[in-house]
Amino acid sequence: QVQLVESGGGLVQAGGSLRLSCAASGSIFSINAMGWYRQAPGKQRELVANITSGGTTNYADSVKGRFTISRDNAKNTVYLQMNSLKPEDTAVYYCNAVALRPSQSDYSDYWGQGTQVTVSS
């Protein structure tokens with residue numbers, strides 16, 4: 001199996017910063033994209049940012065210029081630096097990895113358990 005363990009969520013005031021981390025472990029042959037999604041109460045889960053193994057990044061328009069995604073391929077770890085946080089950033093943030101296990105022929109999606117980010121006004 002593939003496990004994703006997130007850390008770094010919490011409560012912060014508007015304008016503040018948080019850094020999320022997500023480490024992938026288990027039976028992994030390779031990881032293609034890694035990223036972060038979020039889900040606010042009553043809303044659908046949405047992409048925040050993702051990054052390929054080659055370093056190509058993609059951001060939701062709502063976080064461009066405020067959030068930065070990075071990745072350490074050697075550690076199978078992805079980070080999300082969140083600056084200038086707004087109350088509307090409040091959500092459960094989920095780590096995602098598109099990974100290939102040694103026993104499989106296709107990549108599959110794997111998810112972390114989620115970490116709460118709350119931004120107070």
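If you're wondering where the values come from, they're calculated on a predicted model, not measured in any experiment.

**A look at unusual backbone geometry**
A positive phi angle, near 50 degrees, is found at Asn-76, a position not held by glycine. Within the element layout of this structure, Asn-76 appears in the loop between strand E7 (67-72) and strand E8 (77-82). The exposure class assigned to Asn-76 is partly exposed, which follows from its relative accessible area of 24%. At Ser-84, a residue that is not glycine, the phi angle is positive and equals roughly 50 degrees. Mapped onto the secondary structure, Ser-84 falls in the loop between E8 and strand E9 (91-100).

**Notes on the sheet that holds strand E3 (residues 18-26)**
Each strand in a sheet pairs with another by means of backbone hydrogen bonds, the pair being arranged parallel or else antiparallel. Strand order in the open sheet formed by 4 strands is E1-E3-E8-E7, and the pairing between neighbours is antiparallel. On the outer flanks of this sheet lie strand E1 (2-7) and E7, each paired with one strand and no other. For this sheet, the mean angle separating the axes of adjacent strands, direction not counted, is 15 degrees. Pairing between E3 and E8: 6 bridges, direction antiparallel. Note on E8: the bridge partner recorded for Leu-18 is Met-82.

**A closer look at the state of the cysteines**
Enumeration over the complete set of coordinates arrives at 1 disulfide. Across a sulfur-sulfur distance of 2.0 Å, Cys-22 and Cys-95 are joined as a disulfide pair. For the disulfide bridge between Cys-22 and Cys-95, the dihedral angle about the S-S bond is near -85 degrees, and by the sign convention the bridge is left-handed. Here Cys-22 is found in strand E3, whereas its partner Cys-95 is found in strand E9, with 73 residues between them in sequence. A single burial state applies to Cys-22 and to Cys-95, both of which are buried.

**Re the nonpolar core**
Residues Trp-36, Leu-80, Met-82 and Tyr-93 are the most contacted members of the largest nonpolar core, which totals 32 residues. Sorting the residues of this core by element identifies E1, E3, strand E4 (30-39), strand E5 (46-51), E7, E8, E9 and strand E11 (115-120) as the ones contributing at least two each. For this core, the element with the highest residue contribution is E9, accounting for 5 residues. Those residues within four positions of Met-82 in sequence are excluded, and the remaining contacts are Gly-16, Ser-17, Leu-18, Leu-20, Arg-66, Phe-67, Tyr-93 and Val-117.

**Thoughts on the pattern of salt bridges**
Overall, the coordinates contain 4 salt bridges when judged by the stated rule. In this structure, Glu-46 and Arg-38 form a salt bridge, with 2.7 Å as the shortest nitrogen-oxygen distance. For Glu-46, a relative accessible area of 35% translates into the label partly exposed. For Arg-38, a relative accessible area of 7% translates into the label buried. What emerges from the salt-bridge pattern is a single network uniting Arg-38, Glu-46, Arg-66 and Asp-89.

**Some points on the packing of aromatic side chains**
As enumerated under the stated definition, the model contains 1 aromatic pair in all. Between Tyr-37 and Trp-111 the ring centres are 5.0 Å apart and the planes differ by 65 degrees, which places this aromatic pair in the edge-to-face class. Placement of Tyr-37 in strand E4 and of Trp-111 in strand E10 (residues 108-111) is noted, with a sequence separation of 74 residues between them. Directly above the aromatic system of Tyr-94 lies the positively charged group of Arg-45, at a separation of 3.8 Å from the ring centroid. Over the ring of Trp-111 we find Arg-45; its NZ or CZ atom is 4.7 Å from the centre of that ring.

Calculation notes
- Residues numbered from 1 in each chain as written.
- Predicted model: local features only at pLDDT ≥ 70, side-chain atom pairs only at ≥ 80, totals over all residues.
- Heavy atoms only, no water.
- Helix = DSSP H or I, 4+ residues; strand = E, 2+ residues; numbered from the N terminus.
- Buried < 20%, exposed > 50% of the residue type's maximum accessible area, 1.4 Å probe, protein only.
- Pairing = 2+ DSSP bridges.
- Axes fitted to C-alpha atoms, helices over the stretch in contact; angles between N-to-C directions.
- Disulfide = S-S within 2.5 Å.
- Core = buried A, V, L, I, M, F, W, Y, C linked by side-chain atoms within 4.5 Å.
- Contact = heavy atoms within 4.5 Å.
- Salt bridge = Lys/Arg side-chain N within 4 Å of Asp/Glu carboxyl O.
- Phe/Tyr/Trp six-rings, centres within 6.5 Å; stacked < 30°, edge-to-face > 60°.
- Lys NZ or Arg CZ within 6 Å of the ring centre and 35° of its normal.

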